[in-house]
Structures are given as C-alpha cells and as structure tokens.
Amino acid sequence: MSTKFDTVKNKVVDKAQLLALIKTWKANNQSIVFTNGVFDLLHRGHIEYLAQTADFGNQLIVAVNADASVKRLGKGDSRPLQDEVSRGLIIAAMEFVDAVIIFDADTPLEMITEIKPDVLIKGGDYDATCTDALDGRYIVGSDVVKQNGGAVNVIQFVAGYSTTKIEEKIKNC
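So, how was this worked out
Residues numbered from 1 in each chain as written. Predicted model: local features only at pLDDT ≥ 70, side-chain atom pairs only at ≥ 80, totals over all residues. Heavy atoms only, no water. Helix = DSSP H or I, 4+ residues; strand = E, 2+ residues; numbered from the N terminus. Areas by Shrake-Rupley, 256 points an atom, 1.4 Å probe, with all protein chains shown as cover. Lys, Arg positive; Asp, Glu negative; His and termini not counted. Charge placed at Lys NZ, Arg CZ, Asp CG, Glu CD. Pairing = 2+ DSSP bridges. Axes fitted to C-alpha atoms, helices over the stretch in contact; angles between N-to-C directions. Contact = heavy atoms within 4.5 Å.

Right, let's get into the overall build of the protein chain. Per the secondary structure count, the protein chain includes eight helices and five strands. Along the first, second and third principal axes, the C-alpha atoms of the protein chain reach 50 × 50 × 25 Å. As displayed, the protein chain offers around 9400 Å² of accessible surface, 53% of which is attributable to carbon and sulfur atoms. When the 19 positive and 23 negative side-chain charges of the protein chain are each reduced to one mean point, those points stand 2 Å apart.

The structure is reproduced here in structure tokens:
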C-alpha cells in the first residue's frame, strides 16, 4: 500500500526518471516550468514564489542545489543548514511541485539545456532581459529557453523573508 510519504518521496527523482516524466508530459501537451534554488529554511517567501511559479504551466520541476553546490555558492560556512535530501523532500511535499531533482553543478545550465522547459522562472534579484552572463542579474539558461521558444520570467521577492534573515534571527536569540 502506498502512503502519502511515498508520494512525496517519489517526486524526488534522478535524471533518468525526470527525463521519462518530461517525455510523458510533453506527449500529453503539458507545459513544463523550471526553477532552482537552495531552499534551505522554507519560509513564506519560498511558498509564494513556488506557488506563483507553478501557475506558469502544468508541471513544475524544482532543481535543488546539492550540499556541495551550496558550499560553492558562498552562502556562509553554516550553509546549508539542512542536507540536500531533507531540502528535496520538503519541496516535494508541496502539492503544486511535480518533480524535484538535486543537482551538484554550480549552475543548472546543463539540466536546462537537456530539459528545455517551456518556462524558466527565477526570483526578484534576477532580470529576464539581461543577456550578459557576467552580470549577477543574468538568468542562467535563459538563452537556451528563449532559443527553444520558451519564456523567462522573474517573480518578485516577498519583502522581509529570507533564509539569511531567519538564520541571523536565530543566532541573535
């Protein structure tokens, strides 16, 4: 008998499983939305961001940075606060997330190139019109998505919510 937790665990997939899902979704004319992030301490900003992201298509894929990838991002010595498996499961528990994949690269470019999502979404510190890959506002993979006829969008942050602020608040208690 399958449990609700089995349903959550089954949304965390490897590359081969993800590609099989995408093939099925595309065969059924489902639009695929892609986003990525660390998602270390889940907060209201993450929930609103991911829910709005899901509204851009039929199937939402969330790529979660592996622990080693988070370390290379320079988010601080204490990050990630939660391991990649835990972060992946937490994201997969959201009803509007259809698949989660953990990636260890510095950027999700290879994954975006292979998936070719219909829509690529990032948060408010990015710029969908930026074409300079050296600019911090550039969305990695945006050129690939646009070249394949897809859309790139930015969702504004919910003011006052960030993992860094939550971590600082905990440390100062």
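More follows now that the structure is in view.
Sheet architecture is open: five strands sit in the order β3-β2-β1-β4-β5, paired in parallel fashion. Two strands bound the open sheet, and with one partner strand each, they are β3 (99-103) and β5 (151-155). In this sheet, adjacent strand axes meet at a mean angle of 25° when their direction is disregarded. In the sheet, strand β1 (residues 32-37) pairs with strand β2 (residues 59-65) via six bridges, with the strands oriented parallel. Bridge assignment links V33 to a residue of β2, and that residue is L60. Strand contacts of helix α2 (residues 15-27): β1, β2 and β3, with the helix running at about 145° to β3, the strand carrying the most contacts.

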